[in-house]
Amino acid sequence: MDPRYPVGTFSMPTTITPALRQTAMEEIAVTPAKIRAATAGLSDSQLDTPYREGGWTVRQVVHHVADSHMNAYVRFKLALTEDEPTIRPYMEKPWAELPEAKSGPVELSLGLLESLHKRWILTLRNIKPSEWKRTFRHPEIGVLNLEKTLALYSWHGRHHVAHVTSLRERMGW
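Definitions and limits used
- Position labels on residues start from 1 in each chain and follow its written sequence.
- Selection of residues for local features in this predicted model requires a pLDDT of at least 70, selection of side-chain atom pairs for listing and counting requires 80 or more, and totals for whole chains, interfaces and linings are taken over all residues.
- Neither water nor hydrogens contribute to the side-chain values; these are computed over all heavy atoms in the structure.
- Two strands pair under a simple rule: DSSP has to find at least two bridges between them.
- Helix and strand definitions here come from DSSP, where helices need a minimum of 4 consecutive H or I residues and strands a minimum of 2 consecutive E residues; each element is numbered from the N-terminal end.
- Between the rings of Phe, Tyr and Trp (Trp by its six-membered ring), a pair exists once the centres lie within 6.5 Å; its type follows the angle of the planes, with under 30 degrees stacked, over 60 edge-to-face, and the other angles tilted.
- Here's how the labels work: a residue is buried when its accessible area is under 20% of the maximum for its type, exposed when over 50%, partly exposed in between, all with a 1.4 Å probe on protein chains only.
- Where helices are involved, their axes are fitted lines through C-alpha atoms of the stretch in contact, as for all axes, and angles between N-to-C directions lie from 0 to 180°.
- By definition in this entry, angles of less than 35 degrees are roughly parallel, angles greater than 145 are roughly antiparallel, angles of 65 to 115 are roughly perpendicular, and the rest are oblique.
- Between two residues, a contact is recorded if the distance between any of their heavy atoms is within 4.5 Å.
- Under the scheme applied, nonpolar residues are Ala, Val, Leu, Ile, Met, Phe, Trp, Tyr, Cys and Pro; charged residues are Asp, Glu, Lys and Arg; polar residues are all the others, including Gly.
- Contacts described as polar in this section are N or O atom pairs within 3.5 Å, which, within protein, must combine one atom able to donate a hydrogen with one able to accept it, while residues neighboring in sequence count only if both atoms come from side chains.
- In a left-handed crossing the near helix is turned counterclockwise from the far helix by less than a right angle, and in a right-handed crossing that turn is clockwise.

1. Quick notes on the pairing of strand E1 (residues 135-138)
- For E1 and strand E2 (residues 142-145), the ladder comprises four bridges, and the chain directions are antiparallel. Each bridged residue has a counterpart across the sheet, and for Phe136 the counterpart in E2 is Leu144.
- Turn length for the E1-E2 hairpin, with the two strands adjacent in sequence and antiparallel, is three residues.

See below:
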């Protein structure tokens, strides 16, 4: 198993059905609880352990998920309220190197994720079928629609939870 991709790499579905959207929303809804459970009881030393050689620490992973999902939430809101807005990407690697991401308490991001995901799920569950095709423009990737972005972030949460759980398994924590 490649420790970079413990649940496999993301593969964009060619067709997204209402059932697939529902499953993805359910996965996004449980991501905060899963990442909280994955990090429960870890010491500061364990939180500061990279999930793989050359990778981020568990602490950085938790803060990254919060950063990433805040950006995703805003992208959804922009796409729902503007005609194909151009979003502003962020530099995730330098963000993960900022002092608060390297040493801040994970509880800050765990609590943030819980509140953020409640808002995000409320938004997602109220998107009309026709609105799933709404788009935003990513300057580096191009045009993305909301249903494909939903699939991406469903995978993203599972991907990072698995970084922590697979590390715990390897280390016997």
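2. Quick look at the packing of aromatic side chains
- Within this structure, the stated rule accounts for four aromatic pairs.
- The interplanar angle of 70° and the centroid separation of 6.0 Å between the aromatic rings of Trp120 and Tyr153 together place this pair among those described as edge-to-face. Here the residue Trp120 occupies a position in helix H6 (residues 106-125), and Tyr153 occupies one in helix H7 (residues 146-171), the gap between them amounting to 33 residues.
- A relative accessible area of 0% places Trp120 in the buried class.

3. What to know about the packing of helix H3 (residues 58-81) against H7
- The N-to-C vectors of H3 and H7 enclose an angle of 170°; their axes lie 11 Å apart at closest approach. Taken together, the axes of H3 and H7 lie roughly antiparallel to each other. Side by side, H3 and H7 meet where Val58, Val61, His64, Val65, Ser68, His69, Ala72, Arg75, Phe76, Ala79 and Leu80 of the first sit next to Leu146, Thr149, Leu150, Tyr153, His156, Gly157, His160, Val164 and Leu167 of the second.
- Its residues assigned to classes, the contact of H3 with H7 shows 12 nonpolar, seven polar and one charged.

4. Considering the side chain of Glu147
- Tracing the backbone through its elements, the reader meets Glu147 in helix H7.
- A polar atom in the side chain of Glu147 sits 2.4 Å from the side chain of Lys133.
- When near neighbours in sequence (up to four residues on either side) are disregarded, Glu147 contacts Ile16, Arg21, Trp132 and Lys133.

5. Re unusual backbone geometry
- In this model, Glu84 sits at a positive phi of 40°, which is unusual for a non-glycine residue.
- Along the chain, Glu84 turns up in the loop between H3 and helix H4 (92-97).
- Here Glu84 falls in the partly exposed class, since its relative accessible area comes to 35%.

6. What about the packing of H3 against H6?
- Taken N-terminus to C-terminus, the directions of H3 and H6 make an angle of 25°; their axes are 9 Å apart at the nearest point. What the angle tells us is that H3 and H6 run roughly parallel. In this structure, H3 meets H6 at a crossing whose hand is left-handed. Residues Arg59, Val62, His63, Val65, Ala66, His69, Met70, Ala72, Tyr73, Phe76, Lys77 and Leu80 of H3 lie in contact with H6, whose contacting residues are Val106, Ser109, Leu110, Leu112, Leu113, Leu116, His117, Arg119, Trp120, Thr123 and Leu124.

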